[in-house]
Amino acid sequence: MEPDVQLAPGAEENGLAHMLRDLVKQNLEEKPHKMGDFEALDGNVSIVADDADVALTMRFESGGKLRIHDGIVGIPDVTIRGPSEAVLALSNMPMATRLGLPIPDPRDREAVKTVRLVMGAMRDGKLHVYGMAFHLPMMMRLTKVMSVNG
């Protein structure tokens, strides 16, 4: 069964929306074991890439439906905001542990580089994930679905 991942009307001109739609569809098609996490997602996640002046909202409905909207729509459960490089690096986070925690294998230089980029941006106050503490299960599932790893 093909995942139900679509752009909402008005999001056709948003390059980040196209990129994330394709990323999610490809991850789910190539790694069907991620479908359970995708189907369990229920909520809204906004992503803002400050330097690219682009924003979107991913509206997940339990049962496996995702609509990606241009801009921030409604009140998001979680908002990820930062430079585009750090936001895009989130999709490359390693999923080395059983719980999907981003702990890289020290021998994997790319994984270590990705984790350093993301954690460094958070430490420096450039990358923020608002609402993560209140929606941790959703964030864990989102990370598993969005990551090209795991």
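So, here's what we can say about the structure.

Quick notes on the rules
- All residue numbers here refer to positions counted from 1 along the written sequence of the relevant chain.
- Selection of residues for local features in this predicted model requires a pLDDT of at least 70, selection of side-chain atom pairs for listing and counting requires 80 or more, and totals for whole chains, interfaces and linings are taken over all residues.
- With hydrogens and water stripped out, all remaining heavy atoms of the structure feed into the side-chain values.
- Pairing of aromatic side chains here covers Phe, Tyr and the six-membered ring of Trp, requires ring centres within 6.5 Å, and sorts the geometry by plane angle: under 30 degrees stacked, over 60 edge-to-face, intermediate tilted.
- Comment: elements are numbered from the N terminus, with helices defined as DSSP H or I runs of at least four residues and strands as E runs of at least two.
- Categorising residues by exposure relies on relative accessible area from a 1.4 Å probe, with only protein chains included: less than 20% of the type maximum marks a residue as buried, more than 50% marks it as exposed, and the intermediate range marks it as partly exposed.
- The definition of a nonpolar core used throughout is a set of buried Ala, Val, Leu, Ile, Met, Phe, Trp, Tyr and Cys residues joined through side-chain atoms within 4.5 Å.
- Any pair of residues with heavy atoms lying within 4.5 Å of one another is described as a contacting pair.
- By salt bridge we mean one thing: a side-chain nitrogen of Lys or Arg within 4 Å of a carboxyl oxygen of Asp or Glu.

The next point concerns the packing of aromatic side chains. Per the counting criterion, the structure on display carries one aromatic pair. Judged by centre distance (6.3 Å) and plane angle (80 degrees), the rings of Phe38 and Phe60 are edge-to-face. Within this pair, whereas Phe38 is found in helix 2 (residues 35-40), its partner Phe60 is found in strand 3 (residues 54-61), the two being separated by 22 residues in sequence. A relative accessible area of 1% means that Phe38 is categorised as buried.

Here we take up the nonpolar core. Residues Leu20, Val24, Phe38, Ile47, Met58 and Ile80 are the most contacted members of the largest nonpolar core, which totals 37 residues. For this core, the element with the highest residue contribution is helix 1 (residues 15-30), accounting for six residues. Apart from the residues lying within four places of it in its own chain, the contact partners of Val24 are Val5, Phe38, Met58, Leu66, Val145 and Met146.

A few words now on the pattern of salt bridges. Evaluation of the coordinates by the stated rule reveals four salt bridges. In this structure, Arg67 engages Asp4 in a salt bridge whose closest nitrogen and oxygen atoms are separated by 3.1 Å. Here Arg67 is found in strand 4 (residues 65-70), whereas its partner Asp4 is found in strand 1 (residues 4-7), with 63 residues between them in sequence. On the accessibility criterion, Arg67 (17% relative accessible area) is buried. The exposure class of Asp4 is partly exposed, given its relative accessible area of 25%. Salt-bridge contacts for Arg21 lead to Asp22; the nearest nitrogen and oxygen are separated by 3.1 Å.

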